[in-house]
Every structure is written in structure tokens, then in C-alpha cells.
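Coordinate analysis (summary)
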Amino acid sequence: MTTMTDTSNAARFREFKMPDVGEGLTEAEILKWYVQPGDTVTDGQVVCEVETAKAAVELPIPFDGVVHELRFPEGTTVDVGQVIIAVDVAPGSGDAAPAAESAPVARPEPEPEAPKGRQPVLVGYGVSESSTKRRARKGAATAVPAAAAAIQGEMNGHTTVVPESRPLAKPPVRKLAKDLGIDLATVVPTGEGGIITREDVHAAATPVPAQAPAPTAAPVAAETAFEAPAPAVVTTVGARETRIPVKGVRKAIAQAMVGSAFTAPHVTEFVTVDVTRTMKLVAELKEDKEMAGVRVNPLLLIAKALLVAIKRNPGVNAAWDEANQEIVQKHYVNLGIAAATPRGLIVPNIKDAHEQTLPQLAASLGELVSTAREGKTSPAAMAGGTVTITNVGVFGVDTGTPILNPGESAILAVGAIKLQPWVHKGKVKPRQVTTLALSFDHRLVDGELGSKVLADVAAILEQPKRLITWA
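Quick summary incoming for the structure in this document. Source: prediction; values computed, not measured.

Thoughts on the environment of Glu69
Mapped onto the secondary structure, Glu69 falls in strand S6 (residues 65-70). Counting along the chain gives 16 residues from Glu69 to Ile85, while the straight-line C-alpha distance between them is 5.7 Å. Within polar-contact distance, the side chain of Glu69 engages the side chain of Arg71 at 3.0 Å.

So, in C-alpha cells, the structure goes:
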């Protein structure tokens, strides 16, 4: 029977769940908490940063109150829909729920769902982080639950009391054990306080003599550095191999590349082109007052050349709809730019790039690159791309055979621009030369169409005045 005290406690505490970040993502790793139990929070204040399989995203909380409990420590991978923080929305109205204070492994009673009009949503990086104020507290603070209480599979914040006999392991370790089919009750813990580590699970999964001692490697820390959240490294003392868990951006890249390579029949064509005139134009544009304040580089003119080539050959800007057996012709160009970041390869895109002037395109490219380097590219910025450019030339590579970004029909790889001997006006002269490679989906792009697109890009870079005559 529910008492009046239980009802008031349930109404007093509100829970914030890991929101649905969209794009088919179902989980996220908590990189950093910006608040602690006892901090005052306001509607729209960023409370934590999480990393999805595509980007790092800051989460704002949609109500006011005082932080009562953080359900998961930093470094924990949490499923969408799980409660990550409980907030006291009526502080000072009485003692907290006994279940939350009497035992460190207990959680508050579940409360009613939030009103339909205020569902927690992501708002990207537009929310300013509010200052936090510490509330005076009488007793010990409600800390982040111990590893034994953090259960990865729990949904909707149901109250759970963990029996003492339950093996101690953090959520990522429990998930690893589940994936490997290991019963944690059979694993010998080597971590501090009897906590089972990743090394323990891997040791249990590897056949060893019965008397062999468990690995003595140091336990993997649960926290992930905010500035450089590299994946946790699992290793064994004296081992000749290192095992790195596949998760986050790396996991998404692997799934996307395998899906693309074995779904779309790829064709790649190459052309080597003299870009000396383009490089001269780049130098001139850097001195142009209309381009002041934006970065001018060869990639800018290559992007513009591709946009003009697509305008002349619109059939290449399409997608294959397998479910409906249709070719979807796009009348807009969301130009993707492959970017290497500390978290891995991402492909944000410039929305409606075909409508932008050269200065606007330069500004969009600069913003896209800086945001990617800071690790703040949002999932929305990576959605809806139509064609992509990957600049492998920055690594000194001549060319490559790029794999299509899923859902797109073409990707242009740009090689290094080098001074090479070239026949120019009947004489061999040193000229600046590069190699372009265009991969396309042969289901909807025939060889003729793909060849025309690549030839047009090359022709523009050889004679950049065509940016005017062809546009």
C-alpha cells in the first residue's frame, strides 16, 4: 500500500533519462559530469557531456531543482531511456526518500512520467552552462552509486537493491562479460575492493591452466578524460598484444564502412590533373578583401568545382532506396567533408552547399573543421549528406579508393598537390599536379555519368575560369 509519504517523495524527485539522440543510436557514454549531488540546477543548464557513436554532445536538464543522485559514474555506457540523474524539485520540504539515504546501493522510488509537453530533448551547444551553487547538507552526500549498484540493463529508473552476493563489476565490464558469454560469478576479481576488471573477464574467456594465476594488470579506470576521451586499453603485463574495445565512433565507422562496402557496388575512377592555375587563384583570393576573415585553400576551390560538376550532372546526386526500390534524386547538395579527429573519422556536411557563394562556402568549411577538431560536431551536422570529399593529400598520399558514406552515391578523394614535370604548351615544365579519385554507387551511377562528373571537376581545376562560365 502506498503511503502519503511515499507519494510526496515520488512527486518530489524527478528523473532525467538518457535522451534519444536520433540517427539510430541507442546508447551513449558519459564523458564528464558538470554537477554533483547538492548542486542547484536550472532549466536548460548543461549537466553532463556524453559521447555517442557519432559525436560528443552536451545534455541540458529540462527542470529546476537540486541534484539528488548521479546514477552512473563517468566512463559508463548507458542505454537510451535509462535514468542518469535524479533531481529534488522541492528542496527543503522534508527529508529525502529513506531508500535513497539509508543504503548506498538503493535508488529512489520511481515517480510519474514527466508531462507530455516537456520531454527531455537535445539542444546541441546553444545552451550556456550555468554556474552551480552548493547546498549545505547535514549528512553524507548521496554519491555516485557503487559499481555493484550500477546495472547497465536497468531501464526507466526502477528501484533496485543489489544483494551482497552479486559480483562487483562496473557496467562496461558487465556488458563485456555478457558479450563474451562469461558468468561473472565464476570470475576471480583482482580489482581494488574485490571489483571485477576487464582484464579479469578477458582472462576468464581465455583458456588457461587451472593453476595459472589471474592477470595482474592494473584495473581500467572508469573515468574518461574530457579533453581526449580515448578508448579504454585492455592489456596484460608482459603481453605482446593490446586489445582495445570497439565502441563509440570507431564502432560506428566499422559498421558504416562494412555496410557500405558490401551493399553498394563501388566503382572508382582516377584522373591526374594540372592544378597550377587553381593554386594561383588560391593565392590571389587570399589577398582579396571579399575573402577577408575566411580561410582560403585548395579544398575550397575543389569543393566549388564539385558543386558545379553536380549542377551539370545532377543524376550523380542521388540515393538508392532499397525498401521502395526507388532512386531518390536530391535537388539539394549537403556536401560532406571527411575529418580526422581524436575520436576517429567523422563526416559532417555543409547543408545546402549548392546555394552558397564562395565566401559563404569558405566560412562554412572553416566552421565545420574547427568544430570537428574541438570534438563538438553534433549528430545533426553529420546527418543528411549527399556527396562527400575526402582530402587524403594532407597526409602526403597521392590517391586512394574511398568508400562511400552510407546513403550517398559518390565520394571524391583528393591527393597531394606536388610539383611534377608536365607537358604544358608543347614543353616539359614543372607544374603543380594532383590526382583525383571518384568512387560511386554503380547501382544508380553508370560509368558515363561518373566519368563526366570526374572530368568536369578536373577541367575546372585545370581552368578555374570555368567556375564562372559553367556556373
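Regarding a positive patch on the surface
There is a patch of like positive charges on the surface, built from Lys280, Lys425, Lys427 and Lys429. Relative accessible area serves as the criterion here: at 53%, Lys280 is assigned to the exposed category.

Observations concerning helix H8 (residues 358-373)
One turn of an α-helix holds 3.6 residues; hence residues three or four places apart share an orientation. Here H8 contains 16 residues, and its C-alpha end-to-end distance of 23 Å stays within 8% of the 22 Å for a straight helix at 1.5 Å per residue. Considered for burial, the residues of H8 that qualify are Leu358, Leu361, Ala362, Ser364, Leu365, Leu368 and Ala372. Considered in projection along H8, the buried side chains sweep an arc of 165° and stay on one side of the axis. Along its buried surface, H8 packs onto helix H6 (276-286), helix H7 (298-312), strand S12 (335-337), strand S13 (339-341), strand S14 (344-346) and strand S15 (349-350). Following H8 by one or two positions, Gly375 adopts a phi angle in the positive range, close to 75°.

So, empty space enclosed by the protein
To locate leftover empty space, one rolls a probe as large as a water molecule over the atoms. For the coordinates displayed, the defined rule picks out two cavities of 30 Å³ or more. One number sums up the size of the largest cavity: a volume of about 40 Å³. Forming the boundary of the largest cavity are Leu306, Ile310, Val316, Val387, Thr388, Ala410, Ile411, Leu412, Leu438 and Val453. Taken together, the elements giving at least two residues each to the lining of the largest cavity come down to H7, strand S16 (387-391) and strand S17 (410-414).

Here we look at unusual backbone geometry
In this structure, Asp352 takes a positive phi of about 50° despite not being glycine. The phi torsion at Lys425 lies on the positive side, around 55°, for a residue other than glycine. Residue Lys425 is classed as exposed on the basis of its relative accessible area, which comes to 70%.

Rules used throughout
Residues numbered from 1 in each chain as written. Predicted model: local features only at pLDDT ≥ 70, side-chain atom pairs only at ≥ 80, totals over all residues. Heavy atoms only, no water. Helix = DSSP H or I, 4+ residues; strand = E, 2+ residues; numbered from the N terminus. Polar contact = N/O pair within 3.5 Å; in protein donor to acceptor, adjacent residues only side chain to side chain. Patch = residues over 30% accessible without salt bridge, like charges linked within 9 Å, V, L, I, M, F, W, Y side chains within 5 Å. Areas by Shrake-Rupley, 256 points an atom, 1.4 Å probe, with all protein chains shown as cover. Salt bridge = Lys/Arg side-chain N within 4 Å of Asp/Glu carboxyl O. Lys, Arg positive; Asp, Glu negative; His and termini not counted. Charge placed at Lys NZ, Arg CZ, Asp CG, Glu CD. Buried < 20%, exposed > 50% of the residue type's maximum accessible area, 1.4 Å probe, protein only. Expected span 1.5 Å × (residues − 1). Arc of directions from axis to C-beta. Contact = heavy atoms within 4.5 Å. 1 Å grid on protein atoms, 1.4 Å probe; cavity = no way out; pocket = protein on both sides within 12 Å on 5 of 7 lines; lining within 4 Å. Points joined across faces, edges and corners; volume = space filled by probe spheres on them.

Interpretation note: all reported values are geometric properties and have no functional meaning in isolation.
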